[in-house]
Structures are given as C-alpha cells and as structure tokens.
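Given next are the chains, with one letter for each unit.
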Amino acid sequence: RVRQSISSTPKRSIQSVKATRSDRTIPMAPPLQAILEEHMRTTWRENKLGLVFCTMAGRPVSHTKILEDHLHPLLETLKIEKRGLHSFRHTARRS
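All of these numbers come straight from a predicted model, not from anything done at the bench.

What counts, and at which threshold
Residues numbered from 1 in each chain as written. Predicted model: local features only at pLDDT ≥ 70, side-chain atom pairs only at ≥ 80, totals over all residues. Heavy atoms only, no water. Helix = DSSP H or I, 4+ residues; strand = E, 2+ residues; numbered from the N terminus. Buried < 20%, exposed > 50% of the residue type's maximum accessible area, 1.4 Å probe, protein only. Salt bridge = Lys/Arg side-chain N within 4 Å of Asp/Glu carboxyl O. Patch = residues over 30% accessible without salt bridge, like charges linked within 9 Å, V, L, I, M, F, W, Y side chains within 5 Å. Areas by Shrake-Rupley, 256 points an atom, 1.4 Å probe, with all protein chains shown as cover. Contact = heavy atoms within 4.5 Å. pLDDT = per-residue confidence, 0-100. Expected span 1.5 Å × (residues − 1).

Caption draft 1: Fine view of the overall build of the protein chain. A count of helices and strands for the protein chain gives 2 helices and 2 strands. Element order for the protein chain, N to C, with α for helix and β for strand: β-β-α-α. Dimensions of the protein chain along its principal axes, counting C-alpha atoms only, are 35 × 35 × 30 Å. Within the protein chain, the fraction of its 95 residues that count as buried is 13%.

Caption draft 2: Expanded view of the pattern of salt bridges. What the rule picks out here adds up to 2 salt bridges. Of the charged contacts, one joins E38 and R41 as a salt bridge, the two residues approaching to 2.7 Å between their closest N and O atoms. Residue E38 and its partner R41 are located together in helix α1 (residues 30-42), separated by 3 residues, close to a single helical turn.

Caption draft 3: Up close: unusual backbone geometry. Phi is positive for K79, close to 60 degrees, though the residue is something other than glycine. For K79, the position within the fold is in the segment after α2 (63-77).

Caption draft 4: Spotlight on a nonpolar patch on the surface. A cluster of nonpolar side chains, contributed by I6, I14 and L49, occupies part of the molecular surface with about 220 Å² of accessible area. With respect to the helices and strands, I14 occurs in strand β2 (residues 14-16).

Caption draft 5: Examining the side chain of H72 more closely. Tracing the chain through its elements places H72 in helix α2. Not counting chain neighbours up to four residues away, the residues in contact with H72 comprise L67, K82 and R83.

Caption draft 6: Spotlight on the confidence of the model for the protein chain. Confidence in the prediction of the protein chain, expressed as mean pLDDT, is 84, and 92% of residues score 70 or more. Looking at the elements of the protein chain, mean pLDDT is at its lowest for strand β1 (residues 4-6), recorded as 77, and at its highest for α1, recorded as 94.

Caption draft 7: Looking closely at the environment of E68. Among the secondary structure elements, E68 is positioned in helix α2. Overall, E68 belongs to the partly exposed group, its relative accessible area being 49%. For the pair E68 and R12, spaced 56 residues apart in sequence, the C-alpha to C-alpha distance is 17 Å.

Caption draft 8: Molecular detail of α2. Taking 1.5 Å as the rise per residue, α2 with 15 residues should run 21 Å; its terminal C-alpha atoms sit 20 Å apart, in good agreement. By the burial criterion, the buried members of α2 are L67, L71, H72 and L75.

Caption draft 9: Quick look at the environment of L75. Assignment of secondary structure puts L75 in helix α2. Take L75: its relative accessible area is 7%, and that puts it in the buried class.

See below:
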C-alpha cells in the first residue's frame with residue numbers, strides 16, 4: 001500500500017503522498033513479493049522509520065544512489081538506454 005513518499009530534499013524526509021488518489025494499493029507480482037520476503041528474512045535491519053531499504057544510518061536511500069549504483073549499471077549490462085525511476089511508474093496495470 002502506498003501511504004507515504006520520500007521528499008526529494010537533501011534531508012529525504014517521509015511525507016504524505018501528494019494527492020488523495022495516490023494513497024492506494026498497488027498489485028505486487030508474486031516473484032517480487034518472494035524477493036522482498038527473502039530480503040526481509042536475510043538482509044533487512046530494523047530501523048526507526050520502518051523502511052524496507054535504507055542507508056547504514058537508517059535513513060531513506062537517495063534515488064540518485066539507486067540510479068548510479070544499481071539501475072544504470074543493470075541497464076548498461078542489458079544494453080538498454082539509460083532511464084530514470086520515473087520510467088517505471090506505469091508498469092503495474094490495473095485490471
């Protein structure tokens with residue numbers, strides 16, 4: 001369920017979503033659920049914000065770091081043009 005977002009300010013604070021429509025349930029593919037459950041069992045560390053992914057200090061991860069450290073190298077390996085996270089916003093279709 002999407003209830004909050006992370007601001008793009010340097011402090012990356014947690015805030016409510018911008019629009020009432022944004023507070024919603026998004027379907028999750030079973031393979032993704034299995035990966036996240038494995039992450040929670042093996043890698044996840046408790047943090048005061050309750051984030052699934054966070055920095056060593058327990059703060060939200062910067063989207064820039066996600067792009068630089070993970071997404072862009074993956075896209076390069078797959079020989080796919082660089083894209084930002086916003087490109088994936090409509091990948092889960094409603095039924």
